Amino acid sequence: MDDATVLSIGDSFCKDYNTQMSFYMPEPAAEVKQVFRKKLVSEASAMQNIEEGAPESQEFLEFFAGSGLVAEGLKGFFKAVWANDICEKKADVYTANHDSNIFHRGSIADVRGSDLPPANMAWASFPCQDLSLAGLAGGIHASRSGLVWEWLRIIDEMPKRPSVLVAENVIGLVSGHEGRHYKALHNALVERGYRVGSIVLDAKHWVPQSRPRVFIVAVRSDINVLSDLVTTGPTWLHPKSVQKAAQGLSDWIWWKLPEPLPRLKGLSDIIEWDAPFADESAERRNLALISEKHRKVLEAIPDSNVFVAPGYRRTRYGKQVLELRFDDLAGCLRTPEGGSSRQVVVIKKDGLLRTRLITTREAARLMGAPDSYVLPGSYNDGYKAMGDAVAVPVAQWLAKFLLLPLVRSHGEC
Ligand SMILES: C[S@@+](CC[C@H](N)C(=O)[O-])C[C@H]1O[C@@H](n2cnc3c(N)ncnc32)[C@H](O)[C@@H]1O
């Protein structure tokens, strides 16, 4: 198979540097690209090596804290002084990896702002089910995603509102209902005395997972925002959906962040190659669901190579299929609560096609969590804990290049 064939395959094929690095490339193209890759790696590591243990650690409140990947990403920049989530299983993950003394399990509806410690920032990765298509898009006032209003109620109850607020969610927040969900939240933040901008960061820039997410960053109007942090119009952070949602909004800010250098690892670099495969009947079922077109791609890979293609079982035209991708990226991890199936990998090894579910450690790696990140409980608990989390390096990037400079420009809370 030549490069052109590889590049033309796959439904959601992405022709970026990493795609071109797919490791079944024939020699000598692979050698040449390896040299190119090494050069990029050394250049990237200089810029992309996010400082650990930055000199300052600002305080933040973590709403909908889940399995703690936001706290993990913000480490060194921000220290969580209070965290909340309702889910017992997620609480187990959070407290196994972070300070259990600051974690308060229970419904956000029972939290009072007057009871919270002061902090410069509050982060809310509020439930996405009513904003994602899988959740049938009930919207920002529906029961689950509507919990964001409880967050704002709590902010109102605080003796002093944090200087920076961050809300994170799926793209449907800006793209759904012609941006109406986003506008409602934007205006609510403006009414509370904040200036607001939203950006989209896709985890695929840092980890081999396609995971675009919206980050709404609001800064209290009395904060003097450094000119380096803003720009006058859309950048790589503002896809059409954001630009459209921003139209006509008051107190909108075009945030500015540096663009990351090419990602260093593909899916094939984080796979647990020795993990056990599914039982025979499950494997047979999965293999039978692969389309003719995708099967041909798999067959064309030389038997001497190892290769991985991830996929989801979906219903297309009334028929179940296992939809694979061939760009060395995993599809977006999801929580099974959203009605989605779990991600499967098809592995070609020694000329044989094998299948299994993605492992919890692979899921954690796809979220950028270190291998030391503890995932207590069953396979399903671990998969669920990672499925609706925030990718660690995305939170890091945002903290380093926007959130920390913003709160620093304010000083003490
Ligand atoms: C999108 S996830 C947040 C994930 C988290 N930021 C992370 O990185 O793991 C939304 C979270 O909201 C929590 N949640 C749902 N209803 C809640 C409620 N009434 N009160 C508090 N938390 C709730 C869920 O348990 C879930 O962990």
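Scroll up to find the structure.
My aim in this report is to walk through the structure given alongside it, one point at a time. Note that this is a predicted model, so its numbers are computed, not measured.

This part is about the sheet that holds strand S3 (residues 103-105). The mixed open sheet is built from 7 strands, whose spatial order is S3-S2-S1-S4-S5-S7-S6. Of all strands in the sheet, those with a lone pairing partner are S3 and strand S6 (194-202), marking the two edges. Sheet twist, expressed as the average angle between the axes of neighbouring strands with direction ignored, equals 15°. Sheet topology note: the strand S2 (residues 78-85)/S3 ladder contains 3 bridges and is parallel. When the bridges of S3 are listed, Asn84 appears paired with His104. Contacts between helix H6 (residues 148-157) and the sheet are confined to strand S1 (58-63), strand S4 (121-124) and strand S5 (164-169), with S4 contributing the most and set at about 165° to the helix.

Looking now at the sheet that holds strand S11 (residues 319-324). In a beta sheet, neighbouring strands are held together by backbone hydrogen bonds and run either parallel or antiparallel to one another. Strand order in the open sheet made by the 4 strands is S11-S10-S12-S13, with antiparallel pairing throughout. What marks the edges here is a single partner per strand, and that holds for S11 and strand S13 (352-357). Strand-to-strand, the axes of this sheet are offset by a mean angle of 30°, without reference to chain direction. Looking at chain direction, strand S12 (residues 344-349) and S13 are connected through 6 bridges and run antiparallel.

In this section: the site of the ligand. Taken together, 21 residues lie near the ligand, and Phe64, Gly66, Cys87, Ser125 and Ala389 sit nearest. Elements with a minimum of two residues in the shell around the ligand: helix H4 (69-74) and S2. In the shell around the ligand, the residues fall into 13 nonpolar, 5 polar and 3 charged.

To continue, consider the pairing of S11. Alignment of strand S10 (residues 307-316) against S11, held across 6 bridges, turns out to be antiparallel. The partner of Tyr312 across the bridge, within S11, is Glu323.

With that out of the way, let us pick up the pairing of S2. Among the 8 residues that make up S2, 6 are buried, leaving the element largely enclosed by the rest of the structure. With respect to chirality, the unit in which S1 leads through H4 into the neighbouring parallel S2 is right-handed. The parallel pair S2 and S3 is bridged by helix H5 (residues 88-97), and the resulting crossover is right-handed.

Looking at where Gly266 falls in the secondary structure, it is placed in the loop between strand S9 (254-255) and helix H10 (267-270). Taking the C-alpha atoms as reference points, Gly266 and Ala330, separated by 64 residues in sequence, lie 8.9 Å from one another.

What follows covers H5. For H5, the complete set of buried residues consists of Lys90, Ala91, Val93, Tyr94 and Asn97. An end-on view of H5 places all buried positions within 160° of arc, on one side of the element.

Positive phi is not limited to glycine here, since His177 has a value of about 45°. Along the chain, His177 turns up in the loop between helix H7 (172-175) and helix H8 (180-191). Looking at His177, the number of C-beta atoms within 10 Å reads 14, which means it is partly exposed. The backbone of Glu178 sits at a positive phi, close to 50°, despite the residue not being glycine. Here Glu178 is to be found in the loop between H7 and H8.

Moving on: the nonpolar core. Counting residues in hydrophobic clusters, the biggest one holds 102 residues, and the most contacted among them are Met121, Ala122, Val166, Met367 and Leu403. Broken down by element, the residue count for this core peaks at 11 residues, all from helix H15 (residues 392-408). Two domains share this core, each providing at least three of its residues, namely domain 2 (58-263 + 390-410) and domain 3 (273-358). Residues within four places of Met367 in sequence aside, it is in contact with Leu69, Val207, Met386, Ala389, Ala391 and Val392.

Each value, and the rule that gives it
- Residues numbered from 1 in each chain as written.
- Predicted model: local features only at pLDDT ≥ 70, side-chain atom pairs only at ≥ 80, totals over all residues.
- Pairing = 2+ DSSP bridges.
- Helix = DSSP H or I, 4+ residues; strand = E, 2+ residues; numbered from the N terminus.
- Axes fitted to C-alpha atoms, helices over the stretch in contact; angles between N-to-C directions.
- Contact = placed C-beta atoms within 7 Å.
- Near = placed C-beta within 6 Å.
- Nonpolar A, V, L, I, M, F, W, Y, C, P; charged D, E, K, R; others polar.
- Buried ≥ 20, exposed ≤ 12 C-beta atoms within 10 Å, placed from the backbone.
- Right-handed = clockwise from strand over helix to strand, strands pointing away.
- Arc of directions from axis to C-beta.
- Core = buried A, V, L, I, M, F, W, Y, C linked by C-beta atoms within 7 Å.
- Domains from an automatic or database assignment.

Note that every value here comes from positions in space, so none of it alone points to a role or purpose.
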